[in-house]
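Architecture and fold: a report
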Amino acid sequence: MEFLNTNAANNLGIIALTIVGGAIFYFFMRKYYTRSDKSERAELQGLKDETPKTFEPLPQPDEIPWFERLQKGLGRSSSEIWGKLEKILTGSTLTDDAIEQMEELLYAADLGPLMVTELVMEFQEKVKDGVLKPYEFKLFFRDFLHKRLKNIQEKANPDLYTFDPNNKKLKVIMVVGVNGAGKTTTIGKLATKLQSQGAKVIVGACDTFRAAAVDQLQVWCDRAKVEMVRAKEGAAPSGVAYETLAQAMKSGADYCILDTAGRLHTKENLMEELSKSKRVLAKLDPTAPHETLLVIDAITGQNAIRQADEFNKTLGVTGLIFTKCDGSSKAGSAISIVTELKIPIVYIGVGESVEDLNIFNLNEYLRALLNLPT
């Protein structure tokens, strides 16, 4: 019995020594490797083995002017369409082959058959057998397009751009478009711009079929500190529109912006639902909505013209917002829609940030599209 007790004591002593020895070994090794890691990191970074107490702030990039953003967004059209036209139509006598190539490029630019026919005929009359200098060629196109767009663009309502605190009338804006055009994001940007001018804005999340769309709009409204009215998923969109307008009238809001469910213009029942929302708004305000804005993805091309035509027939579109003019679009469909439907473009978007949505300025647009000097 005494032998067993002695062995047990010895075993306990060995275990204790092992634990203490292991702890001491771990302490020294950890200290060594930590110091080694720091030295290695410092050597790689070209620094002393110490942590600086303060850091110099990183330089902030200069804000890119709007016109430069627009030029970049329209860069593909400028180079692939108008740049190629310049090479074909300048420096030599105008031939039938050159005219044919010109027509093909203009169709590729999504200008539409009516616009292309008129442009080519006027160009031939202008040039005849003469030779155009590159700068003269661009001036011809600029003057041609400006003449056909100017009067229509002047119809755009300035209330969409600038908040006038002396105008106490509530402005109701319905925003429509197909899925994927950037409608919800555009509404968030528009609400942000108007709120930053001091306007009280209320947004209605009427796209009750897609919870993700409502959540996305909520994020934008939270950023802009704008009130948003939302309902349960699957609720009637017209009911949300009615509730939003009622709240806007009660709270003395300056703008009531209504998002709508993205839909295909070919679905008659869905288009009728938009008409219903419009009729419901008229119960509170016979003049509402005061503006119906159609958001169109510039990449859509010729199909954008059909979209605009169908929405216009159903709702009476008053303004267009062209999104995603970010280098991947040819931008010609914008010109065709304005001239064919007599509807002005009110905003143009070239990116994701708030600053990438700006008022459509015809002179700037044509200058960026044709790469003309100031």
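Note that the structure is predicted; figures quoted are calculated from it, not measured.

To continue, consider the overall build of the protein chain. Per the secondary structure count, the protein chain includes 13 helices and eight strands. Taken across its 374 residues, the protein chain has 45% of its residues classed as buried. Carbon and sulfur atoms provide 54% of the accessible area of the protein chain, an area that totals close to 20300 Å².

What follows is about the packing of aromatic side chains. The tally for this structure, following the rule as stated, stands at eight aromatic pairs. Here a set of aromatic residues connected by ring pairs shows up, and it is made of Phe 123, Phe 137, Phe 140, Phe 141 and Phe 144. We note Arg 148 situated over the ring of Phe 144; from NZ or CZ to the ring centre the distance is 3.7 Å.

The subject of this paragraph is unusual backbone geometry. Omega for the bond connecting Ala 288 with Pro 289 falls within 30 degrees of zero, at -5°, which places this linkage in the cis form. As for its placement among the helices and strands, Pro 289 is situated in the loop between α10 (268-284) and β5 (291-297). The phi dihedral of Lys 225 falls on the positive side, at around 60°, and the residue is not glycine. Located in the positive-phi region is Asn 371, a residue other than glycine, with phi close to 55°. Along the chain, Asn 371 falls in the segment after α13 (362-370). Exposure remark for Asn 371: the relative accessible area of 45% places this residue in the partly exposed category.

A word on a negative patch on the surface. Among the surface-exposed residues, Asp 96, Asp 97, Glu 100, Glu 103 and Glu 104 lie close enough to one another that they form a single negatively charged patch. According to the relative accessible area criterion, Glu 103 is partly exposed, its value standing at 30%.

Now for the sheet that holds strand β2 (residues 201-205). Paired through their backbone hydrogen bonds, the strands of a sheet run either parallel or antiparallel. On the basis of which strands lie adjacent, the open sheet formed by eight strands has the order β3-β2-β4-β1-β5-β6-β7-β8 and mixed pairing. A single partner strand is all that each edge strand has here, and the edge strands are β3 (227-229) and β8 (357-359). Each strand of the sheet is rotated relative to its neighbour by a mean of 25°, with strand direction disregarded. When strand β7 (residues 345-349) meets β8, the two strands line up antiparallel, connected through three bridges. Within β8, the residue paired with Tyr 347 across the bridge is Ile 359. Seen against the sheet, helix α11 (residues 303-315) touches β1 (171-176) and β5 and runs at an angle of roughly 160° to β5.

In this section: the pairing of β5. For β5, the tally of buried residues reaches seven of seven residues, placing the bulk of the element in the interior. Examined bridge by bridge, β1 and β5 share four bridges and lie parallel to one another. Along β5, the bridge assignment pairs Ile 173 with Glu 291.

Reading guide: rules and limits
Residues numbered from 1 in each chain as written. Predicted model: local features only at pLDDT ≥ 70, side-chain atom pairs only at ≥ 80, totals over all residues. Heavy atoms only, no water. Helix = DSSP H or I, 4+ residues; strand = E, 2+ residues; numbered from the N terminus. Buried < 20%, exposed > 50% of the residue type's maximum accessible area, 1.4 Å probe, protein only. Areas by Shrake-Rupley, 256 points an atom, 1.4 Å probe, with all protein chains shown as cover. Phe/Tyr/Trp six-rings, centres within 6.5 Å; stacked < 30°, edge-to-face > 60°. Lys NZ or Arg CZ within 6 Å of the ring centre and 35° of its normal. Patch = residues over 30% accessible without salt bridge, like charges linked within 9 Å, V, L, I, M, F, W, Y side chains within 5 Å. Salt bridge = Lys/Arg side-chain N within 4 Å of Asp/Glu carboxyl O. Lys, Arg positive; Asp, Glu negative; His and termini not counted. Charge placed at Lys NZ, Arg CZ, Asp CG, Glu CD. Pairing = 2+ DSSP bridges. Axes fitted to C-alpha atoms, helices over the stretch in contact; angles between N-to-C directions. Contact = heavy atoms within 4.5 Å.

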